[in-house]
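Residue-level structure breakdown
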Amino acid sequence: MIFISTTTTAATKTTAVHFMDVGQGDGTYIKTAGGDDVIIDAGNKDGSDVVAYLKKQKVKDIEVMIATHPDADHIGGLDEVLKAFKVKSVYAPKVSHTSQAYKDFLLAVKREGLTIKTAKKDVKVPLKGVSAKFVAPVKTYSKSDLNDWSAVLRLVYGKKSFLFTGDAEAKSEADMIKSKQTLKANVLKVGHHGAKTSSSTAFIKAVNPQYSVISVGKKNHYGHPTKEVLNRLKKTKVYRTDQKGSIVFTTNGSTLTVKTEKK
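Residues numbered from 1 in each chain as written. Predicted model: local features only at pLDDT ≥ 70, side-chain atom pairs only at ≥ 80, totals over all residues. Heavy atoms only, no water.

1. Overview of the side chain of Asp167
We apply this condition: Counting from the N terminus, the helices are the DSSP runs of H or I reaching at least four residues and the strands are the DSSP runs of E reaching at least two. Only protein chains enter the accessibility calculation, which uses a 1.4 Å probe. A residue is then buried if its area is under 20% of the maximum for its type, exposed if over 50%, and partly exposed in between. Charge convention: Lys and Arg are scored as positive, Asp and Glu as negative, and His as well as the terminal groups of each chain are ignored. In the sections that follow, a salt bridge refers to a side-chain nitrogen of Lys or Arg positioned within 4 Å of a carboxyl oxygen of Asp or Glu. Polar contacts, as used here, are pairs of N or O atoms within 3.5 Å; protein pairs need one atom able to donate a hydrogen and one able to accept it. Residues neighboring in sequence count only if both atoms are side-chain atoms. Here a residue-residue contact requires only that any non-hydrogen atoms of the pair lie within 4.5 Å.
Mapped onto the elements of the fold, Asp167 is located in the loop between β9 (160-164) and α6 (170-178). One buried charged residue, Asp167, forms no salt bridge at all, with the nearest opposite charge on Lys189 at 5.0 Å. For Asp167, the side chain forms a polar contact with the side chain of His69, separated by 3.1 Å. Setting aside residues no more than four positions away along its own chain, Asp167 makes contact with His69, Asp71, His74, Asn147, Ser150, His192, His193 and Ser198.

2. What to know about the sheet that holds strand β12 (residues 237-240)
Keep this limit in mind: Should DSSP find at least two bridges between two strands, the strands are taken to pair. Every angle, taken between N-to-C directions, lies between 0 and 180 degrees, and every axis is a line fitted to C-alpha atoms, over only the stretch in contact when it is a helix.
Spatially, the six strands line up as an open sheet ordered β7-β8-β9-β10-β11-β12, and their pairing is mixed. The open sheet has two edge strands with one neighbour each: β7 (131-136) and β12. With direction set aside, neighbouring strand axes in the sheet form an average angle of 20 degrees.

3. Thoughts on the packing of aromatic side chains
What counts, and what does not: Ring pairs shown here join Phe, Tyr and Trp side chains whose ring centres sit within 6.5 Å, with only the six-membered ring taken for Trp; geometry is labelled stacked below 30 degrees between planes, edge-to-face above 60, and tilted in between.
One pass over the full model with this rule turns up 10 aromatic pairs. Geometrically, the ring pair formed by Phe19 and Phe164 is tilted, given 6.0 Å between the ring centres and 35 degrees between the ring planes. Of this pair, Phe19 sits in strand β1 (residues 15-19) while Phe164 sits in strand β9, placing them 145 residues apart in sequence. Between Phe19 and Phe249, the ring centres sit 6.0 Å apart and the planes meet at 90 degrees, which makes this aromatic pair edge-to-face. One end of the pair, Phe19, is in strand β1; the other, Phe249, is in strand β13 (residues 247-251), with 230 residues separating them in the sequence. Taking relative accessible area as the criterion, Phe19 reaches 2% and is therefore assigned buried. Among the residues examined, Phe249 registers a relative accessible area of 1% and is labelled buried. Each residue in the set Phe19, Phe162, Phe164, Tyr211, Tyr239 and Phe249 is aromatic and connected to the rest through ring pairs, giving one cluster.

Function-wise, these values are silent; they only describe arrangement.
This is how it looks when you write it as structure tokens:
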């Protein structure tokens, strides 16, 4: 009997996190060290750019899809992703909306014969090679606070970690801190495109990121990212999709490298 050592190959495996440039919106693609494909949000109504990006990355199927909350600039393209790829499981917070984008998303999920799993604090996402757990929403919020319903995922590979916050605002951030969960992350996906109602000083202190990524459109009438947030993030290295295009972090579990589409 021959025993083949797999330790050398295991040590060279990497996890890659792609913050896709989807304009004024959010879209993240993750390839785990174990080979799983994850998508968190997919930008606005037209998901064709996200589908094209995933095909370029040679994605065949998607193990996990996460819709952080019903806003159109997050879930707008997910129906097209569902149409283009076989998706094995879908997670979303238990909050509904009457918008067309949300209806399209629900219809696409139904068409694929899938049921939505609830994304909330302490729910673990079974992924190969990494550990991933939702740290929010911690509780239920009012329907007028859709952003605070955002599913927030913390992903860990080796010694490196990422926090994906959707549009979570100060109320949800305070609840995450109060719940005494581990929020620390090397890379923070900045909440709500850099709006001043997210990324509170206390939250940034709790996460203590080295890098922060702002997914934002070049021409947006919201004034994102705000001066206040950029000021709160000044101890971190800030990357913005409106300036750098798509941003890719790769880690072997001990070191982190970053590549940007534009210099």
